[in-house]
Amino acid sequence: MMFNRRYFGEGKEDGGPGFEEEEHVESLFVVLQHLYSFTLSDYVPWMRVFDLEGHEKIISAAMKTANKYHDSIIDERVHQRRRHHDNKKEAHKDQDLLDVLISAKDENGVPLLSIDEIKSQCMDLTLATVDNPSNAAEWAIAEMINQPEILQKATEEIDRVVGKERLVQESDVPQLNYIKACLREVLRLHPVAPFNLPHVSTRDATIAGYFIPKGSHVLLSRIGLGRNPNVWKDSLKFIPERHIGSVDDHHHQLELAETELRFLSFSRGRRSCMGMALGSEMSVVLLARLLQGFEWSAPSGEEKIDLSESKYDLLMAKPLRARAKPRLAAELYQGYD
Ligand code: HEM
């Protein structure tokens, strides 16, 4: 998406990510895991130089690692496009988000972003994208393996809408209501983080009788809303049907965004997720292709998937291990190994 490549480095012989990609993703997760950490210097700024909790050191090292992979590609692409421009070659076609950022110009044809700004945007977008769709697909498959009737219903929907002769495409998304219901249920029950991104209130406000003074740090609890038993019956159970509503509602196209704020998927307002449309498509196509492509079950010798959460965040305590048996013709997997 960002750099028009599946991953950094050559990858493993079996098609999986190699050392470089693992190092890259690990460094992004180190940054994300520190998003909500308490740091004294957030409240007493002059103490920053002491880096008492050691967070600045950890984050700087992680950013250095991630940037090592991004920077060379960005520098090379910017130069390549300038050379293209100087040689008055045909306009370069935008292939990925990096191309879009480089080609953004004002009405006088002057580039809108400097190289440093492009690098920051690439990092921001990479951090914002790396965890949500993969976390949602992982939890969805884990929950579905433990409730095979849900897995079957989802697979039947894909077979009915798409069939087995071609892979799921973005154009199928509007018809995949049950898959979207499963994803809404994951976003409600297993959000990637317990809170939304930290915000600061810009003016005094009173909400539901609570006074929130200007300058307060505001953290909205995603699980406080999504798992609230006053809002959701059997709130800890994975029940995709709750998002489909009445029989008449079946023609209504579901969305992953929750406009009523009964749970937080992309949030609302000025600082809500700017990748709502893209994130929705990515998540639906990812989950739908995994379900279309494979018959999923617990690993041999295990009856159920262990659905425990990690002690430190809301990811699965142990990464999902499951049996995946291909269910499509071999040629449809070509190019994906
Ligand atoms: C299923 C996928 C995704 C989900 C559930 C999701 C959810 C969220 C949530 C809950 C926020 C915090 C909003 C707040 O604090 O009020 C957020 C922020 C953000 N998201 Fe996403 N997101 C997803 C995918 C993406 C993608 C694909 C992109 C980029 C292309 C993206 C870009 C961003 C950015 C830049 C912000 C920060 C916005 C700001 O602070 O102004 N997200 N996202």
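This section reports on the structure supplied with the text. Predicted, not measured: the structure shown is a model, and the values here were computed from it.

1. Quick notes on helix H6 (residues 148-161)
Next up, step 1: Here H6 spans 20 Å end to end across 14 residues, near enough to the 20 Å set by a 1.5 Å rise per residue.
Next up, step 2: Elements that come into contact with the buried residues of H6 comprise helix H5 (132-146), helix H7 (177-189), helix H9 (276-293) and strand E5 (294-297).
Next up, step 3: Directly beyond the C-terminal end of H6, a positive phi value near 85 degrees is found at Gly 163.

2. Focus on the packing of H6 against H9
Next up, step 1: Their axes nearest at 9 Å, the elements H6 and H9 cross at an angle of 95 degrees. Here H6 lies roughly perpendicular to H9, going by the angle between them. Contacts from Leu 151, Ala 154, Thr 155 and Ile 158 in H6 reach Ala 288, Leu 291 and Gln 292 in H9.
Next up, step 2: For the contact of H6 with H9, the class distribution of residues is five nonpolar, two polar and no charged.

3. Regarding the coordination of the iron atom of the ligand
Next up, step 1: Among protein residues, the single donor to the iron atom of the ligand is Cys 273 (SG), with a metal-donor distance of 2.3 Å.
Next up, step 2: Along the chain, Cys 273 turns up in the loop between helix H8 (222-226) and H9.

4. Examining the packing of aromatic side chains
Next up, step 1: Counted under the stated rule, the structure contains eight aromatic pairs.
Next up, step 2: Measuring from ring centre to ring centre gives 5.3 Å for Phe 8 and Tyr 69, while their planes differ by 35 degrees; the resulting arrangement is tilted. Taken together, the positions of Phe 8 in the segment before helix H1 (19-33) and Tyr 69 in helix H2 (residues 55-86) put the pair 61 residues apart, joining distant regions of the chain. Summarising the burial analysis for this pair, Phe 8 and Tyr 69 share the class buried.

5. With respect to the side chain of Gln 292
Next up, step 1: Take Gln 292: it is sitting in helix H9.
Next up, step 2: When near neighbours in sequence (up to four residues on either side) are disregarded, Gln 292 contacts Ile 158, Val 162, Gly 163, Arg 166, Leu 167, Val 168, Arg 327 and Leu 328.

6. As for unusual backbone geometry
Next up, step 1: Of note in the backbone geometry, Asn 4 takes a positive phi value of approximately 50 degrees without being a glycine.
Next up, step 2: Considering the arrangement of structural elements, one finds Asn 4 in the segment before H1.
Next up, step 3: A positive phi angle is found at Asp 234, which is not glycine, with a value near 45 degrees.
Next up, step 4: Inspection of the secondary structure assignment puts Asp 234 in the loop between H8 and H9.

7. Digging into H5
Next up, step 1: Helix length check: H5, at 15 residues, gives a terminal C-alpha distance of 22 Å against a target of 21 Å (1.5 Å per residue), a fit within 8%.
Next up, step 2: Across the 15 residues of H5, 12 count as buried, placing the element largely inside the fold.
Next up, step 3: By the burial criterion, the buried members of H5 are Pro 133, Asn 135, Ala 136, Ala 137, Trp 139, Ala 140, Ile 141, Ala 142, Glu 143, Met 144, Ile 145 and Asn 146.
Next up, step 4: Elements in contact with the buried residues of H5: helix H4 (115-129), H6, H7, H9 and E5.

8. Observations regarding the pattern of salt bridges
Next up, step 1: The tally for this structure, following the rule as stated, stands at 17 salt bridges.
Next up, step 2: Residue Lys 153 is joined to Glu 241 by a salt bridge in which the shortest nitrogen-to-oxygen separation is 2.7 Å. A residue pair is termed long-range when its members are at least 10 positions apart, and Lys 153 in helix H6 and Glu 241 in the loop between H8 and H9 qualify at 88 residues.
Next up, step 3: Classification of Lys 153 as partly exposed rests on a relative accessible area of 38%.
Next up, step 4: Arg 184 is paired through a salt bridge with Glu 258; the nearest N and O atoms lie 2.6 Å apart.

9. A look at the site of the ligand
Next up, step 1: Looking at the ligand, there are 21 residues lining it, with His 199, Ser 265, Arg 271, Cys 273 and Ser 283 nearest.
Next up, step 2: Here His 199 contributes a side-chain N or O atom positioned 2.7 Å from an oxygen atom of the ligand.
Next up, step 3: Contacts to the ligand include Ser 267, whose side-chain N or O atom sits 3.2 Å from an oxygen atom.
Next up, step 4: The set of elements that each furnish at least two residues to the shell around the ligand consists of H4 and H9.
Next up, step 5: Looking at the shell around the ligand element by element, the count peaks at four residues for H9.
Next up, step 6: Here the residues of the shell around the ligand sort into nine nonpolar, 10 polar and two charged.

Each value, and the rule that gives it
Numbers given to residues run from 1 along each chain, matching the order in which its sequence is written. Since the coordinates come from a predicted model, pLDDT governs what is reported: local features require at least 70, and pairs of side-chain atoms require 80 or more to be given and counted, while whole-chain, interface and lining totals use all residues. To obtain the side-chain values, all non-hydrogen atoms of the structure were included, while hydrogens and water were left out. Going along the chain from the N terminus, every DSSP run of H or I of four or more residues is numbered as a helix, and every run of E of two or more is numbered as a strand. The span one expects for a helix is its residue count, reduced by one, times 1.5 Å. Two residues form a contact once any of their heavy atoms are found within 4.5 Å. Axis definition: a line fit to C-alpha positions, over the contact stretch in the case of helices; interaxial angles, taken between N-to-C directions, run 0 to 180 degrees. Oblique is the label for any angle not covered by the other classes, which are roughly parallel (under 35 degrees), roughly antiparallel (over 145) and roughly perpendicular (65 to 115). Amino acids outside the nonpolar list (Ala, Val, Leu, Ile, Met, Phe, Trp, Tyr, Cys, Pro) and the charged list (Asp, Glu, Lys, Arg) are all regarded as polar, and Gly is one of them. Donors, by definition, are the N, O and S atoms found within 2.8 Å of a metal, the threshold being 3.2 Å for Na, K and Ca, and water is not counted, so a site can look incomplete. Here is the rule: rings of Phe, Tyr and Trp (six-membered ring for Trp) pair when centre to centre is within 6.5 Å. Planes less than 30 degrees apart are stacked, more than 60 are edge-to-face, and the remainder are tilted. Burial classes follow relative accessibility: with a 1.4 Å probe on protein chains only, a residue under 20% of its type's maximum area counts as buried, one over 50% as exposed, and anything between as partly exposed. One speaks of a salt bridge when a side-chain nitrogen belonging to Lys or Arg is within 4 Å of a carboxyl oxygen belonging to Asp or Glu. The cutoff for a nearby residue is simple: one of its non-hydrogen atoms must lie within 4 Å of the molecule or strand. Polar contact is defined as a pair of N or O atoms within 3.5 Å, subject to the rule that within protein one atom must be able to donate a hydrogen and the other to accept it, and that residues adjacent in sequence are counted only when both atoms are side-chain atoms.

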